[in-house]
Amino acid sequence: MVKIDIDALSRCVADNANVSDYDMWRALKSLEDELYRIQAGRRPIPMDLVFARAILRRAQQARESS
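All values reported here derive from a predicted model rather than from experimental measurement.

K.L.:
Where do I start with the packing of helix α2 (residues 21-40) against helix α3 (residues 47-65) in this structure?
P.N.:
Geometry of a packed helix pair, given as the angle between the helix axes and the separation of the axes. Between α2 and α3, whose axes approach to 10 Å, the crossing angle comes to 150°. Between α2 and α3 the crossing geometry is left-handed. Together, D21, M24, W25, A27, L28, L31, E32, E34, L35 and I38 of α2 and L49, A52, R53, L56, R57, A59, Q60 and R63 of α3 make up the contact between the two elements. Among the residues forming the contact of α2 with α3, the class breakdown is 11 nonpolar, 1 polar and 6 charged.

K.L.:
Would you explain the nonpolar core in this entry?
P.N.:
Core analysis: the largest hydrophobic core is formed by 6 residues, namely A14, M24, L28, L31, L56 and A59. Taken together, the elements giving at least two residues each to this core come down to α2 and α3. In terms of residue count, α2 provides more of this core than any other element does, 3 residues in total. When neighbours within four sequence positions are excluded, L31 is seen to be in contact with L49, A52, R53 and L56.

K.L.:
Which parts of the structure should I look at to understand the packing of aromatic side chains?
P.N.:
Geometry of an aromatic ring pair is reported as the spacing of the ring centres plus the angle between the planes. The full count for this structure, using the stated rule, is 1 aromatic pair. Consider the rings of Y22 and W25, whose centres lie 5.8 Å apart with planes at 35°: the pair is tilted. On the criterion of helical spacing, the pair formed by Y22 and W25 is a turn pair, its members being 3 residues apart in helix α2. Take Y22: its relative accessible area is 52%, and that puts it in the exposed class. A relative accessible area of 40% places W25 in the partly exposed class.

K.L.:
I tried to follow the packing of helix α1 (residues 6-15) against α3 on my own but got confused; where do I start?
P.N.:
Following both chains from N to C, one finds α1 and α3 inclined at 55°, their axes separated by 8 Å at the closest point. One finds that α1 runs oblique with respect to α3. Both α1 and α3 take part in a crossing whose hand is right-handed. Two secondary-structure elements touch here, α1 through I6, D7, L9, S10, V13 and A14 and α3 through F51, A54, I55, L56, R58, A59, A62 and R63. Grouping the amino acids of the contact of α1 with α3 by side-chain chemistry returns 10 nonpolar, 1 polar and 3 charged.

K.L.:
I tried to follow unusual backbone geometry on my own but got confused; where do I start?
P.N.:
It is generally the case that most residues other than glycine have a negative phi and that most peptide bonds are trans. Although it is not a glycine, R42 sits at a positive phi angle of roughly 55°. With respect to the element layout, R42 can be found in the loop between α2 and α3.

About the criteria used
Residues numbered from 1 in each chain as written. Predicted model: local features only at pLDDT ≥ 70, side-chain atom pairs only at ≥ 80, totals over all residues. Heavy atoms only, no water. Axes fitted to C-alpha atoms, helices over the stretch in contact; angles between N-to-C directions. Helix = DSSP H or I, 4+ residues; strand = E, 2+ residues; numbered from the N terminus. Left-handed = near helix turned anticlockwise from the far one by under 90°. Contact = heavy atoms within 4.5 Å. Nonpolar A, V, L, I, M, F, W, Y, C, P; charged D, E, K, R; others polar. Core = buried A, V, L, I, M, F, W, Y, C linked by side-chain atoms within 4.5 Å. Buried < 20%, exposed > 50% of the residue type's maximum accessible area, 1.4 Å probe, protein only. Phe/Tyr/Trp six-rings, centres within 6.5 Å; stacked < 30°, edge-to-face > 60°. Parallel < 35°, antiparallel > 145°, perpendicular 65-115°, else oblique.

The following block contains the structure:
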């Protein structure tokens with residue numbers, strides 16, 4: 001199993017000047033929409049999507065707090 005350092009990845013995304021606030025918001029919105037469709041279809045939720053959402057949420061929070 002690969003250990004994912006969510007804090008390190010979120011800092012990396014938050015500090016990346018090539019990713020705009022809108023890009024981050026749009027990616028998070030797309031992830032939330034996909035997770036909703038998966039849940040509504042009663043399918044198993046891939047852990048990759050859960051990790052991606054956590055990374056984007058923390059990156060967004062890091063940008064807002066700085």
